[in-house]
Amino acid sequence: GAYDPELFANYGYGSSEIPVASSLQSANILGERGLEGGAGIRGLFPRLGGSWEIGYTGDSLETNSSIESLSPRYRASVTANVEVPLLRDLLVNEPWVEVQLSGLQEESAFDQFRAVLLEVVRDIEFNYWRLVASEQNLRVAETSLDTAHALLELTAAQYEVGTVSKVEVTEARAGVAEREVNRIRADNTFRNAQDELIDRIFGPRLTPTSDLLIRPSDAPEVVDYAVDIEAITARAFERRPELAIARRAVDQEELRVQIAKNQRLPELDVVGSYGYSGLAGRENSDRLFIPRDSDGVGNPDPQVPLLIDRRYGATDDDLFDASGARSWSLRANLSVPLGNVRARSLARTRELELRRARTLLKRTEQ
């Protein structure tokens, strides 16, 4: 977007009256009324730096000045301007760096999405198998409780016939109570696992009256397989989104270091301009005519009418024509900041941020 060309236009009207005292001016008040306007297109050079502009300007002037031959007078011009840096902002400039940073940030945002997605999938799988395990533990607790009840009935029957003491019956009852507590705990763990898995999957869509129950259908399988540490580490270095984000953070800081170092340079810009101009208008009835002695014996020349087209559109006839009025200019602008403390400090800061980003990448790899 920084390199999108921009259309521009302006239009204005002005009127002024100036008191004058001149032998060349018949009126004591110089009055002028004029219209002026222009339009064009401008923009920035990609990567190179600098700017360009192509514009058309026109104006008309009505005046009672005796020394102005035309009233109204029409003028028009087409001009192309170019400004190119030679030191600061050459090849490394703010718009170009912003474009590059935006691209890296877009890729980092996608990697951040991948990281969040991996985390969500991992948490759902973890909570699913936690639910499977808690369901198995609940079944074990229920079976253990049933076994304890059976043992209590058997011990009570044996006590009735006198084969065991009352202490053993009490111990059997304590075993039932203990297994009842274990079953309650296992049931709570199972319900918590249900809630956590439901929240992971349906969280944003849950309401206070939601009544859901998940029954896991997959049983865990334990498969032994050989692990190639070097291969899986290399794949992790290649595919892990955390590492991709850390690497792009290093790339971003390297770009910031480049532009910070570039801003320490003096500013030296070359500015060029090239254009054509045209003129038209009507002869001013108030203009002053100064006769010349044409034959050397005191016979002045008659007043000769001006051979200039009266139409405003005629101002464009000589534009881009070899016989038209051309103008061009070329100049250099030099600016050297004394001390340049801000630019040098920013460059040191960016270098430290780059070191930090590289250290963070190493820590992430470790």
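Refer to the preceding data block for the structure.
To keep things clear, this report deals only with the structure shown in the data block.

Definitions and limits used
Residues numbered from 1 in each chain as written. Predicted model: local features only at pLDDT ≥ 70, side-chain atom pairs only at ≥ 80, totals over all residues. Heavy atoms only, no water. Helix = DSSP H or I, 4+ residues; strand = E, 2+ residues; numbered from the N terminus. Buried < 20%, exposed > 50% of the residue type's maximum accessible area, 1.4 Å probe, protein only. Contact = heavy atoms within 4.5 Å. Core = buried A, V, L, I, M, F, W, Y, C linked by side-chain atoms within 4.5 Å. Phe/Tyr/Trp six-rings, centres within 6.5 Å; stacked < 30°, edge-to-face > 60°. Lys NZ or Arg CZ within 6 Å of the ring centre and 35° of its normal. Pairing = 2+ DSSP bridges. Axes fitted to C-alpha atoms, helices over the stretch in contact; angles between N-to-C directions. Salt bridge = Lys/Arg side-chain N within 4 Å of Asp/Glu carboxyl O. Parallel < 35°, antiparallel > 145°, perpendicular 65-115°, else oblique. Left-handed = near helix turned anticlockwise from the far one by under 90°. Nonpolar A, V, L, I, M, F, W, Y, C, P; charged D, E, K, R; others polar.

Tallying secondary structure elements over the chain gives five helices and six strands in all. Sequence-ordered secondary structure for the chain, helices as α and strands as β, is β-β-β-β-α-α-α-α-β-β-α. Considering the chain as a whole, with its 366 residues, one finds that 27% of them fall into the buried category. If you take every contact in the chain between residues at least 6 apart in sequence, the share linking residues at least 24 apart comes to 75%.

Core analysis: the biggest nonpolar cluster contains eleven residues, these being Tyr-128, Leu-131, Val-132, Leu-138, Ala-141, Ala-186, Phe-190, Ala-193, Leu-197, Ile-198 and Ile-214. When neighbours within four sequence positions are excluded, Tyr-128 is seen to be in contact with Leu-197, Pro-216, Ser-217 and Asp-218.

We now examine the side chain of Ser-108. With respect to the helices and strands, the residue Ser-108 is situated in helix H1 (residues 94-161). When near neighbours in sequence (up to four residues on either side) are disregarded, Ser-108 contacts Ile-245, Arg-248 and Gln-252.

Turning to the environment of Asn-340, a few remarks are in order. Positionally, Asn-340 belongs in the loop between strand S6 (325-335) and helix H5 (341-365). Taking the relative accessible area as the measure of exposure, Asn-340 reaches 15% and is therefore buried.

What follows covers the packing of aromatic side chains. Each aromatic ring pair is summarised here by two numbers: the centre-to-centre distance and the angle between the ring planes. Counting across every chain of the model gives two aromatic pairs. Seen from their ring centres, Tyr-128 and Trp-129 are 5.0 Å apart, and the 80° between their planes marks the pair as edge-to-face. Judged by relative accessible area, which is 17%, Tyr-128 ranks as buried. Taking relative accessible area as the criterion, Trp-129 reaches 37% and is therefore assigned partly exposed. Both rings, one in Tyr-274 and one in Tyr-276, keep their centres 5.8 Å apart while their planes meet at 85°; by these two values the pair is edge-to-face. On the basis of relative accessibility, which here comes to 13%, the residue Tyr-276 falls in the buried class. Of note, Arg-42 hangs over the ring of Phe-8, and the distance from its end group to the ring centre comes to 4.3 Å. Here the guanidinium or amino end of Arg-47 rests over the ring plane of Trp-96, the centre of that ring lying 4.1 Å away.

The strand order S1-S2-S3-S4-S5-S6 describes an open sheet built from six strands, whose pairing is antiparallel. Of all strands in the sheet, those with a lone pairing partner are strand S1 (6-19) and S6, marking the two edges. Along the sheet, successive strands turn relative to each other by an average axial angle of 15°, direction set aside. In terms of strand pairing, strand S4 (residues 70-85) meets strand S5 (residues 267-283) through 14 bridges, oriented antiparallel. When the bridges of S5 are listed, Ala-80 appears paired with Tyr-274.

This model, assessed by the stated rule, comprises 21 salt bridges. With its nearest N and O atoms 3.7 Å apart, the salt bridge here joins Asp-59 to Arg-73. Taken together, the residues Asp-59 in strand S3 (residues 51-63) and Arg-73 in strand S4 connect sequence positions 14 residues apart. The pair Asp-59 / Arg-73 is uniform in exposure class, with both members buried. For Arg-200, the salt bridge identified is with Asp-123, shortest N-O distance 3.2 Å. Taken together, the residues span a long stretch of sequence, with Arg-200 in helix H2 (residues 166-202) and Asp-123 in helix H1 at a distance of 77 residues. You can call Asp-123 buried: its relative accessible area is 13%. Bridged by salt links that share partners, the residues Glu-107, Asp-111, Arg-114 and Arg-248 form one connected network.

Mapped onto the elements of the fold, Tyr-56 is located in strand S3. In this structure Tyr-56 comes out as partly exposed when scored by relative accessible area, which is 27%.

Between H1 and H2, whose axes approach to 8 Å, the crossing angle comes to 165°. As the angle between them shows, H1 and H2 are arranged roughly antiparallel. When the axes of H1 and H2 are compared, the crossing they make is left-handed. Considered class by class, the residues forming the contact of H1 with H2 number 18 nonpolar, eleven polar and 13 charged.

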